[in-house]
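Listed below, chain by chain, are the residues.
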Amino acid sequence: MSNTQQPMVNVWDLPVRVVHWAMVVTFVVLMVSVNTGLLRLHFYAGYTLTALLVFRLLWALVGTTYARFSGFNFSLRGLHVQCRAMIKREPLPYLGHNPAGSIMVVLLWTVLLAQGLSGLLYSDDVFWFGPLSMNAPDWALNVASTLHPRLPPLIMLLIVTHIAAVLYHQFALREPIVKAMVRGQKPGTDKSLARSQVSVLWLLFSVIPAIGWWLWLFALPI
């Protein structure tokens with residue numbers, strides 16, 4: 001049965017999709033601004049990215065089924081099976097994150113969060129002074145000075161790997177995962193009790209801390 005003939009299942013809710021693409025745009029702005037010396041824009045983009053991560057991490061605790069950590073697949077056996085299937089170009093569709101995708105998402109979130117938080121403390125003592133660098137203890141400044149300039153190559157490696165995997169699934173395995181991240185649906189069936197409706201209460205639980213964090217950062221002097 002082709003994908004167009006299969007029933008469509010609601011997988012990625014609207015908050016997941018909005019935050020995903022907002023993170024893409026924000027990361028592009030971060031890369032452009034750091035390479036063009038736009039200091040203020042770089043800080044503001046970094047603040048926004050960390051706020052998006054705050055929301056996404058909270059939403060991974062209380063959001064819809066496939067947005068949650070509990071909906072991720074961290075099985076090493078599943079990862080082995082998936083890699084073998086990919087090498088053989090055999091589609092092995094998952095409604096939520098597959099094992100490789102689950103690991104990649106957590107790695108990306110962790111490294112991006114470390115990069116964003118270290119940026120608040122990082123200073124080169126010439127041009128760049130993080131908004132918290134003046135009052136931070138020496139050990140925190142040392143950690144930030146170690147992480148912030150060294151994490152970007154790792155971030156780029158993870159992002160390139162992620163994009164390559166998406167393209168492979170999209171064109172080699174004919175899995176419409178890009179379309180799914182736009183429309184929120186995947187072809188298939190779901191006989192579980194998956195929750196696809198967004199709860200306003202839990203949405204506020206995730207949004208309010210993220211907005212509070214974002215406003216606090218924007219109030220800091222640059």
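Residues numbered from 1 in each chain as written. Predicted model: local features only at pLDDT ≥ 70, side-chain atom pairs only at ≥ 80, totals over all residues. Heavy atoms only, no water.

Draft legend 1. Highlighting the UniProt feature "transmembrane region" (unreviewed entry) in the protein chain. Mapped onto the present numbering, the UniProt feature "transmembrane region" (unreviewed entry) falls at residues 18-38, 44-67, 103-122, 154-173 and 200-219. Between the first and last C-alpha atoms of residues 44-67 the distance is 26 Å; the span itself is 79% helix and 0% strand. Secondary structure across residues 200-219 divides into 95% helix and 0% strand, with the first and last C-alpha atoms of the span separated by 28 Å. (UniProt positions renumbered as here; feature names shortened; annotations may be inferred. Helix = DSSP H or I, 4+ residues; strand = E, 2+ residues; numbered from the N terminus.)

Draft legend 2. Broad picture of the side chain of Ser 133. Position of Ser 133 relative to the elements: it lies in the loop between α4 (99-119) and α5 (138-147). For Ser 133, a relative accessible area of 8% translates into the label buried. A distance of 2.7 Å separates a polar atom in the side chain of Ser 133 from the backbone oxygen of Gly 130. Setting aside its immediate chain neighbours within four residues, Ser 133 contacts Leu 120, Leu 121, Tyr 122, Ser 123 and Leu 141. (Buried < 20%, exposed > 50% of the residue type's maximum accessible area, 1.4 Å probe, protein only. Polar contact = N/O pair within 3.5 Å; in protein donor to acceptor, adjacent residues only side chain to side chain. Contact = heavy atoms within 4.5 Å.)

Draft legend 3. Spotlight on the environment of Val 111. By secondary structure assignment, the location of Val 111 is in helix α4. Val 111 gets classed as buried once you look at its relative accessible area, which sits at 11%. Counting along the chain gives 40 residues from Val 111 to Leu 151, while the straight-line C-alpha distance between them is 7.3 Å. Val 111 has contacts with Leu 151, Leu 154, Ile 155 and Leu 158, leaving out every residue within four places of it along the chain.

Draft legend 4. The arrangement of a nonpolar patch on the surface in detail. The grouping of Trp 21, Val 24, Val 28, Val 32, Val 178 and Val 182 at the surface amounts to a nonpolar patch, some 480 Å² of accessible area in total. Going through the elements one at a time, α1 (14-36) and α7 (177-183) are the ones with two or more residues in the nonpolar patch. Sort the elements by how many residues they give to the nonpolar patch and α1 lands first, with 4 residues. Looking at the secondary structure, you find Trp 21 in helix α1. (Patch = residues over 30% accessible without salt bridge, like charges linked within 9 Å, V, L, I, M, F, W, Y side chains within 5 Å. Areas by Shrake-Rupley, 256 points an atom, 1.4 Å probe, with all protein chains shown as cover. Salt bridge = Lys/Arg side-chain N within 4 Å of Asp/Glu carboxyl O.)

Draft legend 5. Spotlight on helix α8 (residues 200-218). Between its first and last C-alpha, α8 extends 26 Å over 19 residues, near the 27 Å set by a 1.5 Å rise per residue. Buried within α8 we find Ser 206, Ala 210 and Leu 217. Burial along α8 is one-sided: seen end-on, the buried residues are contained in an arc of 20°. Turned more than 90 degrees off the buried face of α8, the exposed positions are Val 200, Leu 201 and Ile 208. (Expected span 1.5 Å × (residues − 1). Arc of directions from axis to C-beta.)

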